[in-house]
Amino acid sequence: MKKKEILTLALAFALTLGMGVAAASYSAQALGRDDTGVGILQQNADENALLQISDAVSNIANENARLRVAWWGNQERNNTTIEVLDEYAALTGAKLTYEYTVWTGYVENLMTQAAGNNLPDLIQISTTDLVDFSRSGQLLDLQSYIDSGVIDTTGISGDALSGGVVDGVLTGFSTGLNTVSVVYNQAVFEEAGVDAPADDWTWSDYLKTVKTIYEATGIPSDIPFLTEARWVLESMVRSYGYEFFSTEGDSDGGLLPWAEDETVIAGLTDVLSDIYDGIQEGFFIDPETQMSWSATEDYYIIQGKSAASFILNNYYTTYCYAFGDELGLAMLPKMDDGTESGMYALPSMYWCISAGCEDPEAAASLINYLINDTDAALTIGMDRGVSLSSEIRSAFFASEDTDVYTKNVFAFVDHVSETVSAVTPPDPENSAEVIEVMKEAYQSMMYGELSVEEGIAQILESSR
């Protein structure tokens, strides 16, 4: 069932019965999700705690503001988010109610609340869901709050905000930027006598590198993005100059504008076949083993048993801390016959104001605090992506508390930003279903349950 249909059914159900619906399991590709821990906490700040107003909240210190704030995340995200929101409440006297949970069921719960006209005021929304909630009229245009100065975008480029625009309307304010990367064990590369990856390396270079390392050391590499196929396929497609999704879904290939390009399909077929062959030869990790990992410590790259892995860069510091040393960072390889780099920058997730918010200016002020207050940003770290603000990024570099791993990520994202032309737009409606088919087909290909040709055919058919 398509997500738009789910939202319609939820609305009918709520209007008929006048009651909530239990959230069902929901699977989508979202950054930073975690399926451990759940909690609902209401925190009423003491109105007398208004001691000092920081620069980031001085534009609106409303002691009467009452806001519900919703997000998904693991316990660490919950703790840091509550810490900064508590501080905001103390500074402004605002009354904040926190509604947080794990990713599973989060969107269904929002849909149920939307059906009952009871969405929280400030909502964390994923890149996959922004279009759906925007087009159903659930989110406010944030541009007026930028124009009035409530949300200060000094030091933030217009391109960085473009990823939150739906049908010409800025409904999502990106929490930060993210990108894809290859992380690698520098000592293993050196032991095998292999050079560090160049920015312009190709898939042939990558495959030759990991095979050479395996033959020299016996250490294999991770199957690229085995649990999140979209990220590796998008990089491959972008090497040919295509956007991954059609924003309107009106191309000949449906949601996938590259689906009718024989050169692209042939390139995907060749590389995915080579990866599968690498599994058979042993220089990629067995998919059953890789699929069994859950905790960070399970990953072979952390244990020194993998030479290279593909990750979203907001996980880099976590990986390095678990590994106990710096891991190398490199761009994803481009297709051998590609015309450009396959790298791309994407919004990590968004802060959105619901259409039913009774005090949208106060909600906009809270967004401003979350993106522009230095102390808040340093507390949250890179959990929601690399800050859009040049001032905040400078603060991270200047802070004695910022470790070398974090600085590596900032430097890497800045470097990637020089390569890519713009931030990717939000995923179009119904894209979650296509992304799910990609994941299942890719895994089936790597297990040998589907041929590469059959798997690609399933992906293309799902987009039409």
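Source: prediction; values computed, not measured.

Definitions and cut-offs
Residues numbered from 1 in each chain as written. Predicted model: local features only at pLDDT ≥ 70, side-chain atom pairs only at ≥ 80, totals over all residues. Heavy atoms only, no water. Helix = DSSP H or I, 4+ residues; strand = E, 2+ residues; numbered from the N terminus. Buried < 20%, exposed > 50% of the residue type's maximum accessible area, 1.4 Å probe, protein only. Areas by Shrake-Rupley, 256 points an atom, 1.4 Å probe, with all protein chains shown as cover. Salt bridge = Lys/Arg side-chain N within 4 Å of Asp/Glu carboxyl O. Arc of directions from axis to C-beta. Contact = heavy atoms within 4.5 Å. Pairing = 2+ DSSP bridges. Axes fitted to C-alpha atoms, helices over the stretch in contact; angles between N-to-C directions. Parallel < 35°, antiparallel > 145°, perpendicular 65-115°, else oblique. Left-handed = near helix turned anticlockwise from the far one by under 90°. Nonpolar A, V, L, I, M, F, W, Y, C, P; charged D, E, K, R; others polar. pLDDT = per-residue confidence, 0-100. Core = buried A, V, L, I, M, F, W, Y, C linked by side-chain atoms within 4.5 Å. Phe/Tyr/Trp six-rings, centres within 6.5 Å; stacked < 30°, edge-to-face > 60°. Lys NZ or Arg CZ within 6 Å of the ring centre and 35° of its normal. 1 Å grid on protein atoms, 1.4 Å probe; cavity = no way out; pocket = protein on both sides within 12 Å on 5 of 7 lines; lining within 4 Å. Points joined across faces, edges and corners; volume = space filled by probe spheres on them. Expected span 1.5 Å × (residues − 1).

Caption draft 1: Spatial organisation of the overall build of the protein chain. When you go through the protein chain residue by residue, the secondary structure sums to 19 helices and twelve strands. By the burial criterion, 57% of the 464 residues in the protein chain qualify as buried. For the protein chain, the accessible area works out to roughly 18700 Å², and carbon and sulfur atoms hold 46% of it.

Caption draft 2: Region of interest: the pattern of salt bridges. Across all of its chains, the model carries eleven salt bridges by this definition. Salt-bridge contacts for Asp383 lead to Arg77; the nearest nitrogen and oxygen are separated by 2.5 Å. In this pair, Asp383 sits in the loop between α15 (374-380) and α16 (390-398) while Arg77 sits in helix α2 (residues 75-92), placing the two residues 306 residues apart along the sequence. The salt bridge partner of Glu243 is Arg238, with a shortest N-O separation of 3.0 Å. Taken together, the shared-partner salt bridges in this structure form one network comprising Arg230, Glu234, Arg238, Glu243 and Asp427.

Caption draft 3: Seen up close, α16. All of the buried residues in α16 are Ile392, Ala395 and Phe396. For α16, the angular spread of buried residues about the axis comes to 100 degrees, placing them on one side. Among the exposed residues of α16, those pointing more than 90 degrees away from its buried face are Glu391 and Ala398. Where the residues of α16 are buried, they touch α14 (360-372), α15 and α17 (404-419).

Caption draft 4: The arrangement of the pairing of strand β8 (residues 177-184) in detail. Of all eight residues in β8, eight are buried, a share of seventy percent or more. The two faces of β8 match: Leu177, Thr179, Ser181 and Val183 on one face and Asn178, Val180, Val182 and Tyr184 on the other face are all buried. Bridge count between β8 and strand β11 (residues 345-347): three bridges; the pairing is antiparallel. Within β11, the residue paired with Thr179 across the bridge is Ala345.

Caption draft 5: The arrangement of the packing of helix α9 (residues 229-238) against helix α10 (residues 262-281) in detail. For the pair α9 and α10, interaxial distance at closest approach is 10 Å and the crossing angle is 135 degrees. When the axis of α9 is compared with that of α10, the two are oblique. When the axes of α9 and α10 are compared, the crossing they make is right-handed. For the pair α9 and α10, the contacting residues are Leu233, Met236 and Val237 in the first and Val264, Leu268, Val271 and Leu272 in the second. Of the residues assigned to the contact of α9 with α10, the class counts are seven nonpolar, no polar and no charged.

Caption draft 6: Inspection of unusual backbone geometry at higher detail. Although it is not a glycine, Asp167 adopts a positive phi angle of roughly 50 degrees. Residue placement: Asp167 occurs in the loop between β5 (165-166) and β6 (169-170). Non-glycine residue Asn430 carries a positive phi angle of around 70 degrees.

Caption draft 7: Structural view of the confidence of the model for the protein chain. Mean pLDDT over the protein chain works out to 85, with 84% of the residues at or above the 70 mark. Residue range residues 1-55 is modelled with pLDDT below 50. Its contacts to residues more than four positions away, or to other chains, number 125 contacts. When the criterion is pLDDT under 50, residues 57-61 qualifies, and its contacts beyond four places in sequence or with other chains add up to 16 contacts.

Caption draft 8: The arrangement of the nonpolar core in detail. Ranked by size, the top nonpolar core spans 83 residues in total, and within it Leu233, Ile275 and Tyr442 carry the most contacts. The contact partners of Tyr442, leaving out residues within four places of it in the chain, are Ile223, Pro224, Phe225, Leu226, Ala229, Val232, Leu272 and Ile275.

Caption draft 9: Spotlight on the packing of aromatic side chains. What the rule picks out here adds up to 22 aromatic pairs. Centroid distance Phe283 to Phe284: 5.3 Å. Interplanar angle 45 degrees. Geometry classified as tilted. Residue classification places Phe283 among the buried positions, given a relative accessible area of 5%. Among the residues examined, Phe284 registers a relative accessible area of 2% and is labelled buried. Through successive ring pairs, a cluster of aromatic residues spans Trp201, Trp203, Tyr206, Phe225, Phe283, Phe284 and Phe310. Its guanidinium or amino end placed over the ring of Tyr300, Lys305 lies 4.3 Å from that ring's centre, counting from NZ or CZ.

Caption draft 10: Summary view of empty space enclosed by the protein. All told, the structure shown has three cavities of 30 Å³ or more when counted by the stated rule. By volume, the largest cavity amounts to about 210 Å³. Forming the boundary of the largest cavity are 16 residues, of which Thr175, Leu370, Ile371, Gly385 and Ser387 lie nearest the centre. Breaking the lining of the largest cavity down by element, the ones donating at least two residues are β7 (173-174), α14 and α15. Split by residue class, the lining of the largest cavity holds nine nonpolar, six polar and one charged. Its boundaries defined by the atoms lining it, the second largest cavity holds a volume of some 80 Å³. Along the wall of the second largest cavity there are twelve residues; nearest its centre are Arg238, Glu243, Phe245, Pro425 and Asp427. Among the residues forming the lining of the second largest cavity, the class breakdown is five nonpolar, two polar and five charged.

Caption draft 11: Spatial organisation of helix α18 (residues 431-447). Taking 1.5 Å as the rise per residue, α18 with 17 residues should run 24 Å; its terminal C-alpha atoms sit 24 Å apart, in good agreement. Along α18, 13 of the 17 residues are buried, which leaves the element largely enclosed by surrounding structure. Gly448 lies just past α18 and shows a positive phi near 85 degrees.

Caption draft 12: Summary view of the packing of α2 against α14. As a packed pair, α2 and α14 sit with axes 11 Å apart at the nearest point and diverge in direction by 125 degrees. When the axes of α2 and α14 are compared, the pair comes out oblique. When you trace α2 past α14, the crossing you get is right-handed. Here α2 contributes Val84, Leu85, Glu87, Tyr88 and Leu91 to the contact with α14, which in turn contributes Ala362, Ser365, Leu366, Tyr369 and Leu370. The class makeup of the residues in the contact of α2 with α14 is eight nonpolar, one polar and one charged.

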